[in-house]
Amino acid sequence: MQLSFSDTLDPREVAGRRIEELRRLLEHHNRLYYVLDAPQISDAEYDALFRELQGLEQHFPDLVTPESPTQRVGGAPLERFAPVTHRLPMLSLENAVNAAEIGEFDLRVKKVLGLSPDAVIDYVCEPKMDGLAVELVYENGGLSIASTRGDGVTGEDVTTNIRTIRALPLRLGGERVPRLLEVRGEVFLSLEAFQHINAEKEEQGEAPFANPRNAAAGSLRQLDPRVTARRPLSVFCYAPGLCEGAEFDSQQVFLHAAAGWGLPVNPLIRRVQGIEAAVAYYQEMQERRESLPYEIDGTVIKVDSFALQRELGEKSRSPRWAVACKFPPRQAVTVLEAIIPSVGRTGVITPVAQLRPVEISGVTVSRATLHNWDEIALKDIRVGDTVVVERAGDVIPAVVRVLMERRGADALPSQPPQVCPECGSPVVRIAEEVAVRCMGLACPPQIRESIRHFASRNAMDIEGLGEKFIEQLLTLGLVRSVADLYVLTRDDFMRFERMGDKLASNLLAAIESSKQRELGRFIFALGIRHVGERTAKSLAQAFGSLENLERATVEELVSIRDIGATVAQSICTFFGNRENSAVIRRMLDAGVAPAAEQKKVGGRFTGKSFVFTGTLTRFTREEARRLVENEGGHAVGSVSKKTDYVVAGEDAGSKLAKARELGVTVLEEDEFAGMLQGTDTPDSA
Ligand code: IVH
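Residues numbered from 1 in each chain as written. Predicted model: local features only at pLDDT ≥ 70, side-chain atom pairs only at ≥ 80, totals over all residues. Heavy atoms only, no water.

Colleague: Just checking my understanding: could you explain the sheet that holds strand S22 (residues 665-668) for this structure?
Modeller: In any sheet, the strands associate via hydrogen bonds between backbone groups, in a parallel or an antiparallel arrangement. In space, the four strands of this open sheet follow the order S20-S19-S21-S22, with parallel pairing throughout. Unpaired on one side and paired on the other, strand S20 (634-636) and S22 mark the two borders of the sheet. This sheet shows a mean twist of 35° between the axes of neighbouring strands, independent of strand direction. In this structure, strand S19 (residues 609-613) lies alongside strand S21 (residues 645-648), joined through four bridges in parallel fashion. Note on S21: the bridge partner recorded for Phe-612 is Val-647. Here helix H23 (residues 654-662) sits on the sheet and contacts S19, S21 and S22; the angle it forms with S19, its principal contact strand, is near 140°. (Pairing = 2+ DSSP bridges. Helix = DSSP H or I, 4+ residues; strand = E, 2+ residues; numbered from the N terminus. Axes fitted to C-alpha atoms, helices over the stretch in contact; angles between N-to-C directions. Contact = heavy atoms within 4.5 Å.)

Colleague: Quick question: what am I supposed to make of the pairing of S19 here?
Modeller: Successive residues of a regular strand alternate their side chains across the two faces of the sheet. Burial analysis of S19 places five of its five residues in the buried class, the great majority of the element. Side chains of S19 alternate between two faces, with Ser-609, Val-611 and Thr-613 and Phe-610 and Phe-612 buried alike. Of the strand pairs in this sheet, S19 and S20 are connected by three bridges, and their pairing is parallel. Directly across from Ser-609, in S20, lies its bridge partner His-634. (Buried < 20%, exposed > 50% of the residue type's maximum accessible area, 1.4 Å probe, protein only.)

Colleague: Teacher, can you tell me more about the packing of helix H20 (residues 565-576) against helix H21 (residues 578-589) here?
Modeller: The relative placement of two packed helices is expressed as an angle between their axes plus a distance between the axes. Contact pair H20 / H21: the axes reach a minimum separation of 5 Å and the direction vectors enclose 70°. For the element pair H20 / H21, the angle class is roughly perpendicular. Two secondary-structure elements touch here, H20 through Phe-574, Phe-575 and Gly-576 and H21 through Arg-578, Asn-580, Ser-581 and Ile-584. (Parallel < 35°, antiparallel > 145°, perpendicular 65-115°, else oblique.)

Colleague: Looking at this structure, I do not really get the sheet that holds strand S4 (residues 132-139). What am I missing?
Modeller: In spatial order, the strands read S5-S4-S7-S8; together these four strands make up an open sheet with antiparallel pairing. Since the sheet does not close on itself, it has two edges, and those belong to strand S5 (142-148) and strand S8 (234-244), each with one partner. Shown here is a sheet whose adjacent strand axes are inclined to one another by a mean of 25°, direction ignored. In this sheet, strand S7 (residues 180-188) lies alongside S4 in antiparallel orientation, the contact comprising eight bridges.

Colleague: Can you walk me through empty space enclosed by the protein in this structure?
Modeller: If a probe the size of a water molecule is rolled over the atoms, the empty space left behind becomes visible. Tallying each qualifying case throughout the model produces one cavity of 30 Å³ or more. A volume near 40 Å³ is recorded for the largest cavity. The wall of the largest cavity is formed by Glu-126, Pro-127, Met-129, Phe-236, Cys-237, Tyr-238, Asn-266 and Ile-269. Sorting the residues of the lining of the largest cavity by element identifies strand S3 (122-129) and S8 as the ones contributing at least two each. Among the residues making up the lining of the largest cavity, the classes are represented as six nonpolar, one polar and one charged. (1 Å grid on protein atoms, 1.4 Å probe; cavity = no way out; pocket = protein on both sides within 12 Å on 5 of 7 lines; lining within 4 Å. Points joined across faces, edges and corners; volume = space filled by probe spheres on them. Nonpolar A, V, L, I, M, F, W, Y, C, P; charged D, E, K, R; others polar.)

Colleague: What should I look at first to understand the nonpolar core in this one?
Modeller: For soluble globular proteins, the rule of thumb is that nonpolar side chains tend to be buried together. Phe-454, Ile-462, Leu-485 and Leu-539 are the most contacted members of the largest nonpolar core, which has 53 residues in total. Elements with a contribution of two residues or more to this core: helix H12 (444-455), helix H13 (467-475), helix H15 (501-514), helix H16 (519-525), helix H17 (533-543), helix H18 (546-551), H20 and H21. Look past the residues within four positions of Leu-485 in its chain and what remains in contact with it is Ile-451, Phe-454, Ile-462, Leu-465, Leu-473, Val-479 and Ile-511. One finds Val-124, Val-187, Phe-254 and Val-395 within the second-largest nonpolar core, a separate group that totals 43 residues. (Core = buried A, V, L, I, M, F, W, Y, C linked by side-chain atoms within 4.5 Å.)

Colleague: Help me understand the packing of aromatic side chains in this model?
Modeller: One pair of aromatic rings is described through two measures. These are the centre distance and the angle between the planes. Under the criterion given, the structure shown has 19 aromatic pairs. When the ring of Phe-248 is compared with that of Trp-261, the centres are 6.1 Å apart and the planes differ by 65°; the resulting orientation is edge-to-face. Here Phe-248, found in the loop between S8 and helix H8 (251-260), pairs with Trp-261, found in the loop between H8 and strand S9 (270-273); they are 13 residues apart in sequence, far enough to count as distant. Note on Phe-248: relative accessible area 12%, which makes it buried. The rings of Phe-605, Phe-610, Phe-612, Tyr-645 and Phe-672 are connected pair by pair, giving a single aromatic cluster. The aromatic ring of Tyr-33 is capped on one face by Arg-534, whose charged end is 5.0 Å from the ring centroid. (Phe/Tyr/Trp six-rings, centres within 6.5 Å; stacked < 30°, edge-to-face > 60°. Lys NZ or Arg CZ within 6 Å of the ring centre and 35° of its normal.)

And the structure:
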């Protein structure tokens, strides 16, 4: 849609309507991206909408409202957080630690309700998010106050920071939005975000966070909202507080209504009948815990019916209708036996703690990261110390702290190495980085790690190419970079110890099939610093091809959602490095052909073909093509009867004439842009 200012239309009114529409669209896409993990538009399109909104708001500043997506990060740093008294106290939960204790909770519930022990209660089972509890207050649909739990009665006003959470609507949508809705939930950080933040902290010489919960708390309780805005906090809502203008009969109904208003609700929540099913849920989640992208520390079982909840009531600090079923702790105490410098993929030498083996929730831990030597000094960690070790999901276990009271007289402080422990090259400490780095280009562990990463499941997924074989490839001098993998022959593999014909064939086939991996995996596999899986995927979607990404400038990169200056710079540095380019070229020459990201099924342009002709002013041809592809369509070079649309820019020539001749729909550039923004559909165009 184009804004047309005629005598009868008040420009302010027109702009106002478009502003409303843009806000709705942006929040809709925020939800798809941050809550449902199912984006429907590319970052470029999102940014175009965002910029359009910013432009209109600049023009009509009085139309800016606090709920506008442009206002998520606002204001200068605070001096302190103001206290907020919760209208209803935020209770905590009683714990159960095993099936027997969960059974006791069920019996207590039935006893208070005067039911027989074999009555079947409906429960809602939820993951217990390991973050920090907040209360969000929506008045007349708009987010007015957000506060931390604090002591349960009084918390801190963290509204400015909560507003930066893009998974959270600033205004409730949907039907029958209540006048007042207080809703409680848990703010958390994904494991990926946690690792990313820690990597960044380490690079900047700051102490890393011990676990995702501390990182989430530290990020939310930041006096400078701009810092919080850079931390991708998330939230799941799980309980109502006060509510006026809507009633719910049960937890299930409440959660359903909350999701309907656009609030993020954990999709793993399930209603079950009877306590056995709730125990089964607890066990299931304990198994799934490792594969979740965030930390949970148990499950919560809640009596579903609000009538029964009221009847059950509460004790001084916790309700009788719910129980927190805790998983075994992920921390353990053990002895630090040695500090071993370990060389990583990028040459960074990380101090690794060798521990007296200790079991942490079913996994034996004998190594943990100590992050960097500054951190060791800061926490005064010494060999021989008794330490607390913590693990979370797939994240490498970390040494959290020293039990000073148990320190022996012989515990020795340790120093960073002067030379690389693997190749003897000199070690440097780059200014402004805490990392100690080996500068040896042929440093074996760097090569080994880069190949291991390249072949790993979430990267190129070369089945069977595990550590043992990689080690042999290196020992036999068969690979020096990942590109060498693609020229290996059967004879090469046959030189391995204990190698058979079949195994060699399987390995060759696995390498062969990896040539066609999606572009996102390939980008991730390259091991560019700061580019994790999700970033790699975003890059693949935004650029569509490796060539485009290689050519991208820092400015283009930072215009993509979630890519900041550090990441953008790192990508440019990577592709600017001649050796890296050579490795990539060799792979492409050997037939590696990263497949462009899968076209979106059900996109706006699914199955439609486009021809671009003339000079476009709003997009480059390449961008236009990408936008069409992102929506499931395709761009072709010449006009035929089968062409669905011809987009004609300025000075369009013969293709335009041909389109007219064949009766193909011709779009002006603005109309095409309108279709992309969802104000128009292909069929109404
Ligand atoms: S319900 C009165 N549901 O656990 C009930 N709490 O130990 C209030 N938590 O302070 C809490 N996930 O921070 C509830 N799905 C969930 C939860 C959850 C995490 C936390 C919350 C609370 C603590 C209670």
